[in-house]
Amino acid sequence: MERKQFEKQLKSNLIPFWSNLEDTEYGGFYGYVDKDLNVDKKADKGVLLNSRILWFFSAAYSLFKDEELLKKANAAYHFLTDYCYDTEYGGVYWSVTYDGKPVDTTKHAYNQAFAIYALSEYYMATGDEKSLKLAFELFGIIEEKCRDNDGYLEAFTVDFKPGDNEKLSENGVIAGRTMNTLLHVLEAYSNLYKAEKNKTVADELKAIVDIFEAKVFDKELGRMRVFFDLEYNSLIDLYSYGHDIETSWLLDRAAELLGDPEYTKKIHAMSDVLAEKVKEYAYDENAKAIYNEAENGIVDKKFVWWVQAESVIGFYNSYQKCSKRTDHKKTSEEIFSFILEKLIDPRCGEWFENILEDGSTDLGRGMVHQWKCPYHNGRMCIEMCYRLS
């Protein structure tokens, strides 16, 4: 793999596709594109989608210093701050209408985290102090409203009363806590700490890493558990391969930011196990790609777009920690080849949602929706540009 390959994917495919979705009339970016590439200009706009777009264009601007990218980041930033932030109760909504009116006022810790992730990235790209201030306000909201003594909670009403966590629960369970939310609070706090070395953020970041090690990581199976009740009892036998390989490198990033060599060494040992087990149980030697997940030992063998993106980074990260792990470097390269050959839609440059086990394409819920964004694939390209520089 070479840096120029990832630059090409950004400049020729992902940046043009997402740039064309800016809503110049009502602000932000359109919320839905169907399987036939028809844009629904009246679709609700997911705040999660907008935050991830803000992160993407901010990070792309920091990489390339192209003023057109800054304009797109500005558009996402102003939509987030003007329409998605609740000035009465604080926090960001789940979604707004196409013209910026609150439609789903759920306040989810996961959504607050992604807003922090995006705002801190925008601050690092622009130096805009207001964005950093708002990121710290959201940090305060998560710490005050979205957690208890044992960790982070999930969904809340508009005024932060406990709510039903149907948005981040699946596979027949409703979880009181999820590994997914914890992971992205970790990611958000890592980026906020990278933006400004604040001791309180560092303390909470370390506490999250410790929760992963003590309560989420299954030492016997070498994987992360996914859905929990409030006492961290696992609700289902689910092995999420994509989340584990993503967690492996995000945990390493957090530990490295905290700057304690012995602590980092300990976390590296845990993340090494995660990567090794994903390779052992989820890598299809014929397709050269990673399966989706396994529930009760039954493997879902479709190849999901975001799982492949995180796997390219995760296995390359494993190799960078130990140059002897050339097998993980090869795995990263092979998955990237799978992406180039199978996942990129030749019509537009964005990725298909899934490739099925028989090699056929599955467009899923469409090319763009609340969960289909330039965050995983865009981040893969940006992250690998830095790692290969």
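Worth saying up front: this structure is predicted, and the values here are computed from it rather than measured. (Residues numbered from 1 in each chain as written. Predicted model: local features only at pLDDT ≥ 70, side-chain atom pairs only at ≥ 80, totals over all residues. Heavy atoms only, no water.)

Caption draft 1: Seen up close, unusual backbone geometry. One non-glycine residue, Leu37, lies in positive phi territory at about 70°. Here Leu37 shows up in the loop between α1 (3–19) and β1 (45–46). You can call Leu37 partly exposed: its relative accessible area is 27%. At Tyr232, a position not held by glycine, the phi torsion is positive, near 65°. Relative to the helices and strands, Tyr232 resides in the loop between β11 (227–228) and β12 (238–240). Here Tyr232 falls in the buried class, since its relative accessible area comes to 10%. (Helix = DSSP H or I, 4+ residues; strand = E, 2+ residues; numbered from the N terminus. Buried < 20%, exposed > 50% of the residue type's maximum accessible area, 1.4 Å probe, protein only.)

Caption draft 2: Layout of the sheet that holds β1. Strand order in the open sheet made by the 3 strands is β1-β2-β3, with antiparallel pairing throughout. Edge positions in the sheet fall to β1 and β3 (102–104), since each of these pairs with one other strand and no more. Where strand β2 (residues 95–96) lies against β3, 2 bridges are found, and the strand directions are antiparallel. Note on β3: the bridge partner recorded for Val96 is Pro102. (Pairing = 2+ DSSP bridges.)

Caption draft 3: Representation of the pattern of salt bridges in the model. The full count for this structure, using the stated rule, is 35 salt bridges. Taking the shortest distance from any N to any O, the salt bridge between Lys161 and Asp159 comes out at 2.6 Å. Classification of Lys161 by relative accessible area gives partly exposed; the value is 48%. For Asp159, a relative accessible area of 26% puts it in the partly exposed group. Across the pair Lys277 and Glu280 runs a salt bridge, and its minimum N-O distance is 3.8 Å. You can see Lys277 and its partner Glu280 sitting in helix α9 (residues 261–282), 3 residues apart, about one turn around the helix. Here the salt bridges share partners, and the residues they tie into one network are Glu187, Glu246, Glu310 and Arg379. (Salt bridge = Lys/Arg side-chain N within 4 Å of Asp/Glu carboxyl O.)

Caption draft 4: Geometry of helix α8 (residues 241–258). With 18 residues, α8 should cover 26 Å at 1.5 Å per step; its first-to-last C-alpha distance of 26 Å lies within 8% of that length. With 14 of 18 residues buried, α8 is to be regarded as a mostly interior element. (Expected span 1.5 Å × (residues − 1).)

Caption draft 5: Representation of the side chain of Gln112 within the structure. Along the polypeptide, Gln112 turns up in helix α4 (residues 109–126). Aside from chain neighbours lying at most four places away, what touches Gln112 is Gly91, Val92, Lys107, Leu138 and Ile142. (Contact = heavy atoms within 4.5 Å.)

Caption draft 6: Seen up close, helix α11 (residues 326–343). For α11, with 18 residues, the first-to-last C-alpha span of 25 Å sits near the 26 Å given by 1.5 Å per residue. Among the residues making up α11, those that are buried are His328, Thr331, Ser332, Glu334, Ile335, Phe336, Phe338, Ile339 and Leu343.

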